[in-house]
2 protein chains.
Amino acid sequence: MAESSGDATRIMVAVNESSIKGYPHASISSSGAFEWTLNKIVRDNASGFRLLFLHVQVPDEDGDSILLSRTLNLVQSAGQTMIHGFDDMDSIYASPEDFKGMKDRNRKRGLHLLEYFVNRCHEVGVSCEGWIKKGDPKEVICHEVKRIQPDILVVGCRGLGPFQRVFVGTVSEFCQKHAECPVITIKRKPREIPQDPVDD
Amino acid sequence: MAESSGDATRIMVAVNESSIKGYPHASISSSGAFEWTLNKIVRDNASGFRLLFLHVQVPDEDGDSILLSRTLNLVQSAGQTMIHGFDDMDSIYASPEDFKGMKDRNRKRGLHLLEYFVNRCHEVGVSCEGWIKKGDPKEVICHEVKRIQPDILVVGCRGLGPFQRVFVGTVSEFCQKHAECPVITIKRKPREIPQDPVDD
């Protein structure tokens with residue numbers, strides 16, 4: 001092998017929001033994967049690495065175009081203006097402009113999530129960049145790996161109890177098989193696993 | 001997370017011999033995984049890492065105790081002194097001492113394999129250690145991970161052609177699921193894949 005070691009090692013880190021705290025809080029898994037990367041790989045060699053943060057927003061949860069069209073149909077058939085299934089239950093969505101506003105808000109929330117990671121990188125002096133994509137996380141992550149060609153992909157994964165050792169989260173397992181670069185899955189430590197599995 | 005970054009990151013690298021060249025030559029997969037680790041993770045931060053080389057010898061191929069007892073039974077029942085199924089087909093194994101000699105030879109060959117990796121580490125100034133175990137590689141690797149508790153396990157894996165992208169070698173796939181530490185699987189590059197799949 002004749003690898004060039006002159007350029008920085010580019011590590012893509014897939015990050016997502018906390019499923020209980022929501023935006024802009026990072027999930028325990030992705031912040032854990034990120035801190036592990038800093039502590040165990042980057043260490044004090046900040047100039048040797050560049051971190052690439054990818055946040056994938058799921059259309060069904062974020063009022064994206066797919067949901068928008070489906071929900072508008074629902075409004076028209078039911079004759080109601082109140083839409084269920086969103087975080088913003090205080091708001092009323094009655095026109096396409098309302099949905100556009102929500103899309104913008106979710107985009108901003110995604111940016112605030114990335115801001116957390118970018119700020120941490122600046123604290124330790126490692127160069128980085130972050131971007132947001134919409135779609136199925138596992139598919140988008142693999143597609144972005146193909147497009148960006150990082151040296152390593154780091155994916156956090158929800159923890160494993162004593163009887164769950166065989167289990168590896170769907171996204172990380174899919175990426176390990178399909179991503180066209182070496183993949184590191186960082187499993188949460190037992191002490192970091194919330195009592196309720198949904199509290200990630 | 002409050003990881004200590006004071007100690008070196010301990011990277012366990014599973015290494016094996018070339019299946020066509022035999023000892024002491026390293027397989028393309030394991031030497032590729034090792035060089036990748038040096039180039040992409042260790043980089044010029046040699047003092048930040050310690051490499052732990054584990055070589056697992058498979059009893060069925062190496063004249064180990066399990067094979068020895070089974071083979072001796074075969075000799076006794078067949079009344080022959082010529083044993084088939086080994087590399088050393090020129091030799092005649094007629095007594096337990098002959099097998100012991102072969103065991104020692106295989107052990108020495110394994111040490112020569114480790115010597116290659118240890119020498120490379122000394123060239124680049126990264127600290128390391130290596131050891132040999134007998135058994136089923138995937139089981140032994142996971143057992144050693146549990147015992148040694150490295151920060152990362154690096155496993156090479158035979159390459160993937162255009163129609164084999166889903167395939168991940170059994171050992172690496174097993175380790176990804178069962179090893180109790182983050183695992184990096186380094187797939188061979190297409191250009192490194194021999195014409196004959198057995199030539200690894």
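Looking at an unreviewed UniProt entry, one finds chain A named UspA domain-containing protein and attributed to Stephania japonica.

Residue and element names in this part refer to chain A. In this model, Tyr 23 is joined to Pro 24 through a cis peptide bond whose omega is -5°. Mapped onto the elements, Pro 24 comes out in strand E3 (residues 22-26). Look at Gln 149: it is not a glycine, yet its phi comes out positive at around 55°. Overall, Gln 149 belongs to the exposed group, its relative accessible area being 57%.

Take the side chain of B:Lys138 next. Residues and elements named next belong to chain B. Structurally, the position occupied by Lys 138 is in helix H5 (residues 137-148). A distance of 2.9 Å separates the side chain of Lys 138 from the side chain of Asp 136, its partner in a polar contact. Once you skip the residues sitting within four places of it in the chain, Lys 138 turns out to touch Thr 170, Val 171, Phe 174 and Cys 175.

Attention shifts here to the pattern of salt bridges. With the rule as written, the count across this model stands at 16 salt bridges over all chains. Where A:Glu180 meets A:Lys146, a salt bridge forms, and the shortest distance between an N and an O atom there is 3.8 Å. With A:Glu180 in the loop between helix H6 (170-178) and strand E7 (183-187) and A:Lys146 in helix H5 (residues 137-148), this residue pair connects regions lying 34 residues apart in the sequence. B:Glu123 serves as the salt-bridge partner of B:Arg120, at 2.8 Å between the closest nitrogen and oxygen. Separated by 3 residues within a single helix, B:Arg120 and B:Glu123 lie in helix H4 (residues 96-124), roughly one turn from each other. Here B:Arg120 falls in the buried class, since its relative accessible area comes to 19%. Residues joined in a network through salt bridges with shared partners are A:Glu35, A:Arg120 and A:Glu123.

What follows covers the nonpolar core. One finds A:Leu51, A:Phe53, B:Leu51 and B:Phe53 to be the most contacted residues of the largest nonpolar core, which totals 52 residues. A:Ala14, A:Trp131, A:Ile141 and A:Leu153 belong to the second largest nonpolar core, which has 18 residues in total.

What follows covers the packing of aromatic side chains. Scanning all chains against the criterion turns up 8 aromatic pairs over all chains. Ring plane angle 90° and centroid distance 5.2 Å describe the contact between A:Phe34 and A:Phe117, whose orientation is recorded as edge-to-face. Taken together, the positions of A:Phe34 in helix H1 (residues 28-42) and A:Phe117 in helix H4 (residues 96-124) put the pair 83 residues apart, joining distant regions of the chain. For the pair A:Phe34 and A:Phe117, a shared accessibility class is recorded, and that class is buried. Between B:Phe34 and B:Phe53 the ring centres are 5.4 Å apart and the planes differ by 70°, which places this aromatic pair in the edge-to-face class. Placement of B:Phe34 in helix H1 (residues 28-42) and of B:Phe53 in strand E4 (residues 49-57) is noted, with a sequence separation of 19 residues between them.

Residue and element names in this part refer to chain B. Here H1 is 15 residues long and its end C-alpha atoms lie 20 Å apart, about the 21 Å a rise of 1.5 Å per residue gives. Among the 15 residues in H1, 14 count as buried, and that is most of the element. Arg 43 occupies a position one or two residues after H1 and carries a positive phi of about 50°.

Let us look at the environment of A:Gly130. Residues and elements named next belong to chain A. Note on placement: Gly 130 falls in strand E5 (residues 127-134). Along the chain, Gly 130 and Leu 114 lie 16 residues apart, while their C-alpha atoms are 6.2 Å from each other. Once residues lying within four places of it in the same chain are set aside, the contact partners of Gly 130 are Phe 53 and Leu 114.

Glancing now at the packing of H1(A) against H4(A). Helix packing for two helices is described by the angle between their axes and how far apart those axes are. Residues and elements named next belong to chain A. With their axes 12 Å apart at the nearest point, H1 and H4 run at an angle of 15° to one another. Overall, the two elements H1 and H4 adopt an arrangement that is roughly parallel. In the packing of H1 onto H4, the handedness of the crossing is right-handed. Facing Ser 30, Ser 31, Phe 34, Glu 35 and Leu 38 of H1, the residues of H4 in contact are Tyr 116, Phe 117, Arg 120, Cys 121 and Val 124. Of the residues that constitute the contact of H1 with H4, the class distribution is 6 nonpolar, 2 polar and 2 charged.

This next bit is on the environment of B:Ala8. Structurally, B:Ala8 can be placed in the segment before strand E1 (9-15). Separated by 132 residues in the primary sequence, B:Ala8 and B:Val140 place their C-alpha atoms 24 Å from one another. Non-local contacts of B:Ala8, meaning those with residues more than four positions away in its chain, are made with A:Arg43, B:Ser47, B:Gly48, B:Phe49, B:Arg50 and B:Asp151.

What counts as what
Residues numbered from 1 in each chain as written. Chains lettered and ligands numbered in written order. Predicted model: local features only at pLDDT ≥ 70, side-chain atom pairs only at ≥ 80, totals over all residues. Heavy atoms only, no water. Helix = DSSP H or I, 4+ residues; strand = E, 2+ residues; numbered from the N terminus. Buried < 20%, exposed > 50% of the residue type's maximum accessible area, 1.4 Å probe, protein only. Polar contact = N/O pair within 3.5 Å; in protein donor to acceptor, adjacent residues only side chain to side chain. Contact = heavy atoms within 4.5 Å. Salt bridge = Lys/Arg side-chain N within 4 Å of Asp/Glu carboxyl O. Core = buried A, V, L, I, M, F, W, Y, C linked by side-chain atoms within 4.5 Å. Phe/Tyr/Trp six-rings, centres within 6.5 Å; stacked < 30°, edge-to-face > 60°. Expected span 1.5 Å × (residues − 1). Axes fitted to C-alpha atoms, helices over the stretch in contact; angles between N-to-C directions. Parallel < 35°, antiparallel > 145°, perpendicular 65-115°, else oblique. Left-handed = near helix turned anticlockwise from the far one by under 90°. Nonpolar A, V, L, I, M, F, W, Y, C, P; charged D, E, K, R; others polar.

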